[in-house]
Amino acid sequence: MAGKAIRARGVVQGVGFRPAIWHLARLHRLTGAVWNDAEGVMIHAFGSDEDIDAFIRHIPLQLPPLARLDSLEAQDLNAPPDHEFRIVASRENHGAQTPIAADAATCPDCLAEIADPANRRYRYPFTNCTHCGPRLSIIRGVPYDRCRTSMAEFAMCPRCRHEYDDPNDRRFHAQANCCPDCGPRLWLENGDRETWHCDDPVTQAAELIRQGFIVAVKGLGGFHLACNAADPDAVARLRQRKRRHAKPFALMARDTDMIARHARLDEQESRALHNKAAPIVLLAAHGMTLAPGIAPDDDKLGFMLPYTPLHSLLMQALDAPIVLTSGNVSDEPQCTDNDEAREKLAGIADYWLLHDRAIVNRLDDSVARLMDGSIRLLRRARGYSPETLPLPAGFEAADNILAMGAELKNSFCLLKNGQAIVSQHIGDLENAAVQHDYRNAIALYRRLFGFTPRRIAVDLHPDYLSTQYGQALAATEPAELVDLQHHHAHLAACLAEHGAPLNTEPVLGAIFDGSGLGDDGTLWGGEFLLADYRHCTRLGHFQPIALPGGAQAMREPWRNAYAQLLHYFDWPMLRQEFGGLNIITLLTGKPLDTLATMIARQLNSPPSSSCGRWFDAFAAALDLHAEQVHYEGQAAIALETLATPLFADERPYPQAWTVDNDGGLQVLSWHGLWRAVLADLQCSTDKARIAARIHHSLIAATVERLNRLCRQTGADCIVLSGGVFQNRLLLEAVSRQLRQAGKTVLSPQRYPMNDGGLALGQTVVAAARSI
Ligand SMILES: [Zn+2]
Ligand SMILES: [Zn+2]
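On a predicted model such as this, the values are computed, not experimentally measured, just so you know.

## Looking at the side chain of Arg559
Then, number 1: With respect to the helices and strands, the residue Arg559 is situated in helix H15 (residues 557-568).
Then, number 2: Polar side-chain contacts of Arg559 include one of 2.7 Å to the side chain of Glu556.

What follows is the structure in structure tokens.
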């Protein structure tokens, strides 16, 4: 008789891993035990050599749906064999190091139960099991046991208890296990907090939605506002009441057949929708149109499928998709608490579909898009966090690091034992409520992962609230503060995600985004870099152009158009030659003398090589949101949308750019492109063609620069990242042309290429410099 001690690491706790091991051990006639501990799961197995070998071989093949096995190590064990195979209760583990599972969409078995009139969970909206249901959204501490979740308030009934205790049951140790007799309950309220007495609040809520009312729905990670997506009045009312003027609304459909009536989706997109994380997937609008107010100026619709029994039951009662947008007032985080929702959503919602299970951790819906052959997460939250990323070889030796993230689309990241733990999307820290959430979430993650930072990584930008909070933390704990350049962090995040080893050769990067502070104290954002994890050299960039009015230039694209035109042309000449164009007329009505003086004297007009503002300027020239944008990227999205139908027919403008040498840096100037665009506008060329030609010109310049830099540096691997690469035309064409030239192209997939992915990059740069 042989004995082995087998160590399993990964997402192995709270996901049904131990019962799976128990079944497998019995199948292979083994005795011994399995238990959770601080490092994951430990197995002691006794039996013949062949049986133990077969058992170990089968473990990775028999994983329960939510488990992820990162490693499995076996060692000989000299101990007296057991008489049977047992599951041993959790031992309290201080500073648990094991990843906690993310919330997961309802599994097929649970869906079958709620659809079965003979089942005791028939139509029960909180049905879940070991293979699905809430996790991070309900957890208060570790180890993951019911008493440390918001299910602690609900004592299991004898039947649920029996399931929980039976290793043969799908609900063995399912911490959120419950049923209609013992679990949370659902009710419907009106604006006067009066409960609507009815047999079935879900069906009633569906009826109200069908009639055009707006219903606040308490979901898994927060409140949503729901209305009928096929009802233009309801959607317009929601926009107006929510004071959300332009940003697209997310949609939920019953199934992919319902989605296919309104959008095009292929195999990969369908798989992403059905993923256990159930993200919002951005799809090309196609076929039957929905209310026009859902996604103004956008050719995409963001769809998700039901991911809780509550959503499934709601959608079964409806025959059109619903808008399901976060339940908040303008820029605040979505509500999570009943009273908070009653108060804050008063004046927006007509009815409230509430339940009595607390949402401990707010989790927004994740957002993904298929680009360049891969599903890419643009917002990473529910369903993905707090999954860990095992970092590439070499990072095991790094100190514990806390990376504070960016200012907008913030997420933060912990590094512990070679694993990067990126938080869910937190939001824009300018908002006080988001900031409050940010601090709480950092505290929670520290508790969950038993984490104390040795280094705190912040962005170079002194005004980021994340930077300031990192400085404050570093002042109160024995942790060293490190500040890191924004675009280097973008590049490094992509390297880490793709498994580049610690001592990787330097790679080239084109990092295009809104802006980030550069090493020279100016704002960067259209950058060509040569970097590895430790070092980063700027090789080239877009021509820096003033941002007249600073932050105002982010909200008012005409300011960027003016600054660009003023840089490349003589203004009186422009007025004379192109005075009839809308953009020139619009600019003429602005206080241009003041702006010109500000720019000349560098008063509140920082120069920036931003690619995001470059897009805004060209969008403004084509009359797209010239006066104002309601969210960052709105003008660029409109330009991409306009260019898409004619993109394949068009080519770059000839001589669109020039490259100047500025003290060894290659500076990309766009005089030729501006002249060509103005000339096209002058002869009334279709603006869609102009938009396509602008895209092609940027693509051609980017590819030409990168190919040349490859020859100059000897690098042949290129990272494309930064929020601007969320433009599908740009990402796909640049990637394809570089691959055709024999280059390796890396771009982010599992972590956002926008600032939501920044903390991962800060983490690996800080780690690499500490080793
Ligand atoms: Zn289930
Ligand atoms: Zn029960």
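## Here we look at unusual backbone geometry
Then, number 1: The step from Ser385 to Pro386 runs through a cis peptide bond, and the omega angle for that step is 5°.
Then, number 2: Residue position: Pro386 is located in the loop between strand E16 (374-379) and strand E17 (388-390).
Then, number 3: Although it is not a glycine, Asn604 adopts a positive phi angle of roughly 45°.
Then, number 4: Take Asn604: it is sitting in the loop between helix H18 (592-601) and strand E27 (607-608).
Then, number 5: Phi is positive for Gln655, close to 45°, though the residue is something other than glycine.
Then, number 6: As for its placement among the helices and strands, Gln655 is situated in the loop between helix H20 (634-643) and strand E28 (658-662).
Then, number 7: The class of Gln655 is exposed, set by a relative accessible area of 70%.

## Quick notes on the coordination of the zinc ion (ligand 2)
Then, number 1: Protein ligation of the zinc ion (ligand 2) involves Cys157 (SG), Cys160 (SG), Cys179 (SG) and Cys182 (SG), the donor distances falling in the range 2.2 to 2.3 Å.
Then, number 2: Each of the 4 donor atoms around the zinc ion (ligand 2) contributes to a set of angles spanning 106 to 114°, which defines the coordination as tetrahedral.
Then, number 3: Counting gaps between the donor residues of the zinc ion (ligand 2) yields the pattern C-x2-C-x18-C-x2-C. Residue Cys157 is found in the loop between helix H3 (108-114) and helix H4 (158-165), and its partner Cys182 is found in the loop between H4 and strand E6 (186-190); the two are separated by 25 residues along the sequence. The same class applies to Cys157 and to Cys182, which are both buried.

## Description of the coordination of the zinc ion (ligand 1)
Then, number 1: For the zinc ion (ligand 1), the full set of protein donor atoms is Cys107 (SG), Cys110 (SG), Cys129 (SG) and Cys132 (SG), at a range of 2.3 Å.
Then, number 2: Each of the 4 donor atoms around the zinc ion (ligand 1) contributes to a set of angles spanning 103 to 118°, which defines the coordination as tetrahedral.
Then, number 3: All donors to the zinc ion (ligand 1) come from one chain, and their sequence spacing reads C-x2-C-x18-C-x2-C. Residue Cys107 shares its accessibility class with Cys110, and that shared class is buried.

## Details of the pattern of salt bridges
Then, number 1: Taken as a whole and judged by the stated rule, the model has 51 salt bridges.
Then, number 2: One salt bridge in this structure joins Arg342 and Glu189, with 2.7 Å as the shortest N-O distance. Pair noted here: Arg342 is in helix H10 (residues 338-344) and Glu189 is in strand E6, with a separation of 153 residues, a long-range link.

## Observations concerning the sheet that holds strand E22 (residues 480-484)
Then, number 1: With mixed pairing, 6 strands are arranged side by side in an open sheet as E17-E20-E19-E18-E21-E22. For this open sheet the edge positions go to E17 and E22, each flanked by a neighbour on one side alone. Averaged over all pairs of adjacent strands, the angle between their axes in this sheet comes to 20°, without regard to strand direction.
Then, number 2: For strand E21 (residues 455-459) and E22, the ladder comprises 5 bridges, and the chain directions are parallel. Its bridge partner lying in E22, Arg455 is registered against Glu480.

## Some details on the nonpolar core
Then, number 1: Counting 151 residues, the largest nonpolar core has Phe512, Leu622, Trp670 and Leu720 as its most contacted members.
Then, number 2: Counting 38 residues, the second-largest nonpolar core is a separate cluster that includes Ile401, Trp524, Leu746 and Tyr751.

## Quick look at helix H2 (residues 49-58)
Along an α-helix, residues three or four positions apart point the same way, because every turn accommodates 3.6 residues.
Then, number 1: Within H2, burial applies to Asp51, Ile52, Ala54 and Phe55. For H2, the angular spread of buried residues about the axis comes to 165°, placing them on one side. Relative to its buried face, H2 has exposed residues pointing more than 90 degrees away, namely Glu50 and Arg57.
Then, number 2: Looking at the packing, one finds that the buried side of H2 touches strand E1 (2-11), helix H1 (17-27) and strand E3 (40-47).

Scoring rules and cut-offs
- Residues numbered from 1 in each chain as written.
- Chains lettered and ligands numbered in written order.
- Predicted model: local features only at pLDDT ≥ 70, side-chain atom pairs only at ≥ 80, totals over all residues.
- Heavy atoms only, no water.
- Helix = DSSP H or I, 4+ residues; strand = E, 2+ residues; numbered from the N terminus.
- Polar contact = N/O pair within 3.5 Å; in protein donor to acceptor, adjacent residues only side chain to side chain.
- Buried < 20%, exposed > 50% of the residue type's maximum accessible area, 1.4 Å probe, protein only.
- Donors = N, O, S within 2.8 Å, 3.2 Å for Na, K, Ca; no water.
- Tetrahedral: all angles 85-135°; square planar, octahedral: opposite > 155°, others 65-115°.
- Salt bridge = Lys/Arg side-chain N within 4 Å of Asp/Glu carboxyl O.
- Pairing = 2+ DSSP bridges.
- Axes fitted to C-alpha atoms, helices over the stretch in contact; angles between N-to-C directions.
- Core = buried A, V, L, I, M, F, W, Y, C linked by side-chain atoms within 4.5 Å.
- Arc of directions from axis to C-beta.
- Contact = heavy atoms within 4.5 Å.

Scope: geometric values only; no functional claims are made or implied.
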